[in-house]
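Remarks on the overall topology
This is what each chain is made of:
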Amino acid sequence: DGGPKEVGIDKAKGYNMNVGWNGGGMGDGDYLGVFHQLLLPVAYEFAPQLVIISAGFDSARGDPLGGCDISPAGFAHMTHSLMALAQGKIALVLEGGYDLSAISHSFAACTAVLLGDPPQMLGRISASKRATRSI
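**Notes on the pairing of strand β1 (residues 51–55)**
Burial along β1 is one-sided: the residues Val 51, Ile 53 and Ala 55 are buried and none of Ile 52 and Ser 54 is. For β1 and strand β2 (residues 90–94), the ladder comprises five bridges, and the chain directions are parallel. Note on β2: the bridge partner recorded for Ser 54 is Val 93. On the question of chirality, the crossover connecting β1 to the parallel β2 by way of helix α2 (residues 72–82) is right-handed.

**Section: helix α3 (residues 100–114)**
Between its terminal C-alpha atoms α3 stretches 21 Å, which fits the 21 Å expected from 15 residues at 1.5 Å a residue. Taken together, the buried positions of α3 are occupied by Ala 102, Ile 103, Ser 106, Ala 109, Cys 110 and Val 113. In a view along the axis of α3, the buried residues occupy a sector of 140°, so they form one face of it. Taken together, the buried residues of α3 touch α2 and β2. A side-chain oxygen of the first residue of α3 lies 3.2 Å from the backbone nitrogen of Ser 101; this N-cap is Asp 99. Note on α3: the residue one or two positions beyond its end, Gly 116, has a positive phi of about 110°.

**Some remarks on the packing of helix α1 (residues 28–46) against α2**
Interhelical geometry of α1 versus α2 gives an angle of 15° and a closest axis separation of 11 Å. Here α1 lies roughly parallel to α2, going by the angle between them. Between α1 and α2 the crossing geometry is right-handed. Where α1 abuts α2, its residues Asp 28, Tyr 31, Leu 32, Phe 35, His 36, Leu 40 and Tyr 44 lie against Gly 74, His 77, Met 78, Ser 81 and Leu 82. Considering only residue class, the contact of α1 with α2 consists of seven nonpolar, four polar and one charged.

**Considering the environment of Glu 95**
Looking at where Glu 95 falls in the secondary structure, it is placed in the loop between β2 and α3. In sequence terms Glu 95 and His 105 are ten residues apart; their C-alpha atoms lie 15 Å from each other. Excluding its chain neighbours within four sequence positions, the residues that come into contact with Glu 95 are Ser 54, Ala 55 and Gly 56.

**Re the layout of surface pockets**
Approximately 1,300 Å³ is the volume attributed to the largest pocket. Around the largest pocket sit 36 residues that line it, and Met 17, Phe 35, Leu 39, Ile 53 and Ser 54 are the ones nearest its centre. If you list the elements that add at least two residues to the lining of the largest pocket, you get α1, β1 and α2. Per-element tally for the lining of the largest pocket: the top contributor is α1, with eight residues. A per-class count over the lining of the largest pocket returns 26 nonpolar, eight polar and two charged.

**Topic: the nonpolar core**
Core analysis: the largest hydrophobic core is formed by 25 residues, its most contacted members being Tyr 31, Val 51, Ile 53, Phe 57, Phe 75, Met 78 and Leu 82. Elements represented by at least two residues in this core include exactly α1, β1, α2, β2 and α3. When residues of this core are assigned to their parent elements, the largest contribution, five residues, is made by α1.

So, how was this worked out
- Residues numbered from 1 in each chain as written.
- Predicted model: local features only at pLDDT ≥ 70, side-chain atom pairs only at ≥ 80, totals over all residues.
- Heavy atoms only, no water.
- Buried < 20%, exposed > 50% of the residue type's maximum accessible area, 1.4 Å probe, protein only.
- Helix = DSSP H or I, 4+ residues; strand = E, 2+ residues; numbered from the N terminus.
- Pairing = 2+ DSSP bridges.
- Right-handed = clockwise from strand over helix to strand, strands pointing away.
- Expected span 1.5 Å × (residues − 1).
- Arc of directions from axis to C-beta.
- Contact = heavy atoms within 4.5 Å.
- Polar contact = N/O pair within 3.5 Å; in protein donor to acceptor, adjacent residues only side chain to side chain.
- Axes fitted to C-alpha atoms, helices over the stretch in contact; angles between N-to-C directions.
- Parallel < 35°, antiparallel > 145°, perpendicular 65-115°, else oblique.
- Left-handed = near helix turned anticlockwise from the far one by under 90°.
- Nonpolar A, V, L, I, M, F, W, Y, C, P; charged D, E, K, R; others polar.
- 1 Å grid on protein atoms, 1.4 Å probe; cavity = no way out; pocket = protein on both sides within 12 Å on 5 of 7 lines; lining within 4 Å.
- Points joined across faces, edges and corners; volume = space filled by probe spheres on them.
- Core = buried A, V, L, I, M, F, W, Y, C linked by side-chain atoms within 4.5 Å.

Read these as layout, nothing more, since geometry by itself doesn't imply function.
Shown next as structure tokens:
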């Protein structure tokens, strides 16, 4: 079900991580905070041979169901961070999402990064206190 207690099985036990946010509206600073403080260190330890990004963009700004606020640049920064894994072998696979504009802009930003463009600058961001408590 994707809850925080779902941690994987067999050899992957401890490498499957689901962050349980304690409220909606989480944005770039919140996601990048948990990404760099929690998820990436575990991903580097796991050392995958391939990274598959299930890119539904439900958490994108403007998605009517996700209730989050990640910008296309925020997604691009997360994608850029993953490029150091698996010798850069990344599959960005579209799935889900409910706002075609948010999906297309976010997917374009992530694809541009995979093709070698730098991610757009975000300015000064930080994780909210609610996000920090979730971490």
